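Structural overview
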Amino acid sequence: MSYRIGFGIDFHRLEQGKALWLGGVQVPHTKGAVGYSDADVLLHAICDAMLGALALGDIGFHFPNTDERFKDIDSKILLKESYALIRQKGYKVVNIDSTICLELPRIMPYAPAMAKTISEILQLTIEDVSIKATTTEKLGFAGREEGVFAFANALLTKA
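What this report covers is the structure whose coordinates are included nearby. Note that this is a predicted model, so its numbers are computed, not measured.

Parameters and conventions
- Residues numbered from 1 in each chain as written.
- Predicted model: local features only at pLDDT ≥ 70, side-chain atom pairs only at ≥ 80, totals over all residues.
- Heavy atoms only, no water.
- Core = buried A, V, L, I, M, F, W, Y, C linked by side-chain atoms within 4.5 Å.
- Buried < 20%, exposed > 50% of the residue type's maximum accessible area, 1.4 Å probe, protein only.
- Helix = DSSP H or I, 4+ residues; strand = E, 2+ residues; numbered from the N terminus.
- Contact = heavy atoms within 4.5 Å.
- Disulfide = S-S within 2.5 Å.

This next bit is on the nonpolar core. Counting residues in hydrophobic clusters, the biggest one holds 47 residues, and the most contacted among them are Leu-22, Ile-46, Met-50, Ile-100, Met-114, Leu-122 and Ile-131. When residues of this core are traced back to their parent elements, those giving at least two are β2 (20-22), β3 (25-27), α1 (41-53), α3 (75-88), β5 (91-101), α4 (111-121), β6 (129-134) and β7 (147-158). Per element, the largest residue contribution to this core is ten residues, and it comes from α1. Setting aside chain neighbours within four positions, we find Ile-46 in contact with Leu-79, Ile-96, Ile-118, Leu-122 and Ala-152.

Structural data, given as C-alpha cells:
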C-alpha cells in the first residue's frame, strides 16, 4: 500500500495565566492550555494523525505523561520525534488538514506562522499544511472558553 491516512484529535482545558501554544506558535491570550507538555492541541492532533496512519499508537504511548523527560516539553519536539518514527517506517507526509476549535482568541491571524512551523518540521511546502479554525457557537466546554480542541488528518505515502 503506497498511501495511508490518519486522523488525530486532542483536547486540553484552558486556565488563566498559562501560555497558549497552537501549531508551535505562542498565541497571546489571557488563558492557556493545561497539560503535561506545553499542551499544544494542534501539534498533538497532527502527531496522532501521522502515528495513526501507520497504526503506531498515539503520542501518549510514545511520550507518556508518566515519564519526566516529557514534562513541560515543547510539542514541536514531539512532532519532530513522531515524524522520525514515520520516516523510520519508510513514509513521508503528503499533506496535513486540521481544524482548531475554540471561541477566543481568533486564530486565523496566526495560522500562517503555524503552517510555516509545521511545514518546516515535516519537510513540506506551506501549501501542504491546512489550518482552519472555528468556534463552537458558544456550545460545550470550548464555547464556554473552558477548553480547546483540534482535529487533524495526515496523508502519508511511501518515501
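With that out of the way, let us pick up the state of the cysteines. Under the definition given, this model contains zero disulfides. With no disulfide partner, Cys-101 has as its closest neighbouring cysteine sulfur the one in Cys-47, 18 Å distant. Judged by relative accessible area, Cys-101 falls into the buried class, the value being 4%.

The next point concerns unusual backbone geometry. For the bond from Leu-104 to Pro-105, the omega torsion is 0 degrees, close enough to zero to count as cis. Within the secondary structure, Pro-105 sits in the loop between β5 and α4. The phi angle at Lys-138 is positive, at roughly 65 degrees, despite the residue not being glycine. Residue placement: Lys-138 occurs in the loop between β6 and α5 (140-143). Phi at Glu-145 is positive, roughly 60 degrees, even though this residue is not glycine.

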